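Inside the fold
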Amino acid sequence: MKKASNLIPVFITAGTIIHGRGIGKLIGMPTANLKIADKKGLPPEGVYIATATLENETYYGITHIGPRPTISNDGEISVETHLLNFNKDIYGLKMEIQLMKRLRTPQKFDNLSLLLEQIRLDCIAVQEFYGIRRISSRLYMNAQKHEVKIDGHALYLSPKEFDILYLLYSSPDIIFTKEQIYESVWHEAANDHFHAVENTVFQVRKKTATYEDGLNFIKTVVGYGYKFDPVNKK
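The following paragraphs examine the structure supplied in this document. From a predicted model like this one, the values you see are computed outputs, not experimental measurements.

The subject of this paragraph is the pairing of strand S11 (residues 218-221). Judged from the four bridges that link them, S11 and strand S12 (residues 225-228) form a sheet pairing that is antiparallel. Bridge assignment links lysine 219 to a residue of S12, and that residue is lysine 227. Hairpin connection between S11 and S12: a loop of three residues separates the two successive antiparallel strands, and glycine 223 in this loop has a positive phi of roughly 80°.

The following block contains the structure:
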């Protein structure tokens, strides 16, 4: 993995994390919205590979600078960062972001699913840039092609099955509640509809078990929810 200290950022800024509209949360890509005092000095609008410093810890992610044409037409400039493999309440904290590389200009998508697909690709670009390796040697998921492979063999998953497994797969250190999973995958408030999550997890486990008896990439955390299990050994 590349060390952030060995990379030269194209821009550095900092601000306090404030509440946004919560759209990122509903597509499984929560963002930290920075309150920037002077937005005139910001770099060109776009989506950037970024390094973030929060409470003396370093994280990697993507930063969006500019309006949010898919969400709103108000033209308001926002600075939002999605941190990889991160799921903590950080409102009110101060965060510094170092922009390393501009990936693309802001785009308007016809729906939130298409926006999610693009953000997934942006996250893959971040992983490739920093040399972040996949945690599982047995499971491979391709967000662009909705492709799933176990030990190189294709496995078919429905769209919701894919989205749940990919959510856990892409944030292997995070335990997700059923509410968080439902809102991320179904893009709406959970309202205690946890049975949909439970049934979909059951179907994913059932399909992976057909490849190998007992094979299960989703771990139940009793009293909380689910997390990814790499299952690196046969």
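Compared with an ideal rise of 1.5 Å per residue, which puts twelve residues at 16 Å, helix H3 (residues 159-170) spans 16 Å between its outermost C-alpha atoms and is within 8% of the ideal. Of all the twelve residues making up H3, nine are buried; the element is thus mostly covered by neighbouring parts of the structure. All of the buried residues in H3 are Glu161, Phe162, Asp163, Ile164, Leu165, Tyr166, Leu167, Leu168 and Tyr169.

Turning our eyes to something else, we now look at the sheet that holds strand S10 (residues 176-177). Spatially, three strands are ordered S10-S12-S11 in an open sheet, and the strand pairing comes out antiparallel. Edge positions in the sheet fall to S10 and S11, since each has one partner strand and no second. Relative to the sheet, helix H5 (residues 194-211) contacts S11 and S12, its axis offset from that of S11 by approximately 140°.

With that settled, consider the side chain of threonine 177. Along the polypeptide, threonine 177 turns up in strand S10. Assessed through its relative accessible area of 18%, threonine 177 is described here as buried. Aside from chain neighbours lying at most four places away, what touches threonine 177 is Tyr224 and Gly225.

Bridging between strand S1 (residues 11-18) and strand S6 (residues 94-104) involves six bridges; their strand directions are antiparallel. Directly across from isoleucine 12, in S6, lies its bridge partner glutamine 98. Across three bridges, the pairing between S1 and strand S2 (residues 32-35) is antiparallel. When the sheet's bridge partners are listed, isoleucine 18 is paired in S2 with asparagine 33.

A few words on the environment of alanine 190. Mapped onto the fold, alanine 190 is located in the loop between helix H4 (178-186) and H5. Take alanine 190: its relative accessible area is 2%, and that puts it in the buried class. Put simply, alanine 190 and lysine 178 are twelve residues apart on the chain and 8.5 Å apart in space, counted from C-alpha to C-alpha. Alanine 190 has contacts with Glu179, Tyr182 and Glu183, leaving out every residue within four places of it along the chain.

Here we come to the nonpolar core. Nonpolar side chains in soluble globular proteins generally cluster together in the buried interior. Core analysis: the biggest nonpolar cluster contains 30 residues, and Leu139, Met141, Leu165, Ile181 and Phe217 have the highest contact counts within it. Elements represented by at least two residues in this core include exactly strand S7 (139-142), strand S8 (147-150), H3, H4, H5 and S12. Counting residues per element, this core draws most heavily on H3, at seven residues. Ranked by size, the runner-up nonpolar core spans 18 residues in total, among them Ile36, Tyr48, Ile65 and Leu99.

Among the structural elements, arginine 138 can be located in the loop between helix H2 (112-130) and S7. The buried category is assigned to arginine 138, whose relative accessible area is 4%. Polar contacts involving the side chain of arginine 138 include one to the side chain of glutamate 212, which spans 2.8 Å.

The tally for this structure, following the rule as stated, stands at eight aromatic pairs. Arranged with centres 4.9 Å apart and planes meeting at 5°, the rings of tyrosine 182 and tryptophan 186 form a pair that is stacked. Here the residue tyrosine 182 and the residue tryptophan 186 both occupy positions in helix H4, the gap between them amounting to four residues, near one helical turn. When the centroid spacing of 6.2 Å and the interplanar angle of 10° are considered together, the rings of phenylalanine 217 and phenylalanine 228 count as stacked. Taken together, the residues span a long stretch of sequence, with phenylalanine 217 in the loop between H5 and S11 and phenylalanine 228 in strand S12 at a distance of eleven residues. A relative accessible area of 1% places phenylalanine 217 in the buried class.

What follows is about H4. Burial in H4 covers these residues: Ile181, Tyr182, Glu183, Ser184 and Val185. Looking one or two places after H4, you find histidine 187, whose phi comes out positive at around 55°.

What counts and how
- Residues numbered from 1 in each chain as written.
- Predicted model: local features only at pLDDT ≥ 70, side-chain atom pairs only at ≥ 80, totals over all residues.
- Heavy atoms only, no water.
- Pairing = 2+ DSSP bridges.
- Helix = DSSP H or I, 4+ residues; strand = E, 2+ residues; numbered from the N terminus.
- Expected span 1.5 Å × (residues − 1).
- Buried < 20%, exposed > 50% of the residue type's maximum accessible area, 1.4 Å probe, protein only.
- Contact = heavy atoms within 4.5 Å.
- Axes fitted to C-alpha atoms, helices over the stretch in contact; angles between N-to-C directions.
- Core = buried A, V, L, I, M, F, W, Y, C linked by side-chain atoms within 4.5 Å.
- Polar contact = N/O pair within 3.5 Å; in protein donor to acceptor, adjacent residues only side chain to side chain.
- Phe/Tyr/Trp six-rings, centres within 6.5 Å; stacked < 30°, edge-to-face > 60°.

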